[in-house]
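Overview (structure and organization)
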Amino acid sequence: MTDAAADAPIPKPDAGDRAKPGKDAPLLLNKRVLYDFGSGRGIDGMTLGTDGNVYATAGRDTQAGVYVFDQDGRELAFIELPGSPTNCTFAGDGRTLYI
């Protein structure tokens, strides 16, 4: 027995799509830097909030924590944390952030 969804052909993207099929995986188009951390430790892990903002772990020492960015890359908030956090994700409730 096979899964019909797994056997379905992958649709070709329209001209306006941001993904383009590659040999083994889609290629992303229109890539850009979300935020430039300069010589500091940049984003390691990230997740999207239900508000559309990016929640990203980055930095070290006093600049280590979770950075919150809007879709244009503007820093909205910073949650300082000890150590060097590496990833974050939201629980199913969309409100609890696990780091």
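Residues numbered from 1 in each chain as written. Predicted model: local features only at pLDDT ≥ 70, side-chain atom pairs only at ≥ 80, totals over all residues. Heavy atoms only, no water.

1. So, the overall build of the protein chain
- Broken down by element type, the protein chain carries one helix and eight strands.
- Starting at the N terminus, the α and β elements of the protein chain follow one another as α-β-β-β-β-β-β-β-β.
- With 99 residues in all, the protein chain has 24% of them scored as buried.
- Put simply, of all contacts in the protein chain between residues at least 6 apart along the chain, 28% involve residues at least 24 apart. (Helix = DSSP H or I, 4+ residues; strand = E, 2+ residues; numbered from the N terminus. Buried < 20%, exposed > 50% of the residue type's maximum accessible area, 1.4 Å probe, protein only. Contact = heavy atoms within 4.5 Å.)

2. What about the pairing of strand β3 (residues 45–48)?
- Only one face of β3 is covered, namely the face carrying Gly 45 and Thr 47; the face carrying Met 46 and Leu 48 is uncovered.
- Alignment of β3 against strand β4 (residues 54–58), held across four bridges, turns out to be antiparallel. The partner of Thr 47 across the bridge, within β4, is Tyr 55.
- Linkage of β3 to β4, two consecutive antiparallel strands, is achieved through a turn of five residues, within which Gly 52 is found at a positive phi near 85°. (Pairing = 2+ DSSP bridges.)

3. A word on the sheet that holds strand β6 (residues 75–80)
- Here we have four strands laid out as an open sheet, ordered β3-β4-β5-β6, and antiparallel in their pairing. The open sheet has two edge strands with one neighbour each: β3 and β6. This sheet shows a mean twist of 20° between the axes of neighbouring strands, independent of strand direction.
- Looking at chain direction, β4 and strand β5 (residues 65–69) are connected through five bridges and run antiparallel. When the bridges of β5 are listed, Tyr 55 appears paired with Val 68. (Axes fitted to C-alpha atoms, helices over the stretch in contact; angles between N-to-C directions.)

4. Description of the side chain of Asn 53
- Positionally, Asn 53 belongs in the loop between β3 and β4.
- Those residues in contact with Asn 53, other than ones at most four positions away along the chain, are Thr 47, Leu 48, Val 68, Phe 69, Asp 70 and Leu 76.

5. Description of the packing of aromatic side chains
- Enumeration over the complete set of coordinates arrives at seven aromatic pairs.
- Put simply, the rings of Tyr 35, Phe 37, Tyr 67, Phe 69 and Phe 78 touch in pairs and so form one group of aromatic residues. (Phe/Tyr/Trp six-rings, centres within 6.5 Å; stacked < 30°, edge-to-face > 60°.)

6. Focus: the pattern of salt bridges
- For the structure shown, the criterion picks out three salt bridges.
- Of the charged contacts in the structure, one is a salt bridge between Asp 44 and Arg 41, with a shortest N-O distance of 3.3 Å.
- A salt bridge links Asp 72 to Arg 74; the nearest nitrogen and oxygen atoms lie 3.3 Å apart.
- What emerges from the salt-bridge pattern is a single network uniting Asp 70, Asp 72 and Arg 74. (Salt bridge = Lys/Arg side-chain N within 4 Å of Asp/Glu carboxyl O.)

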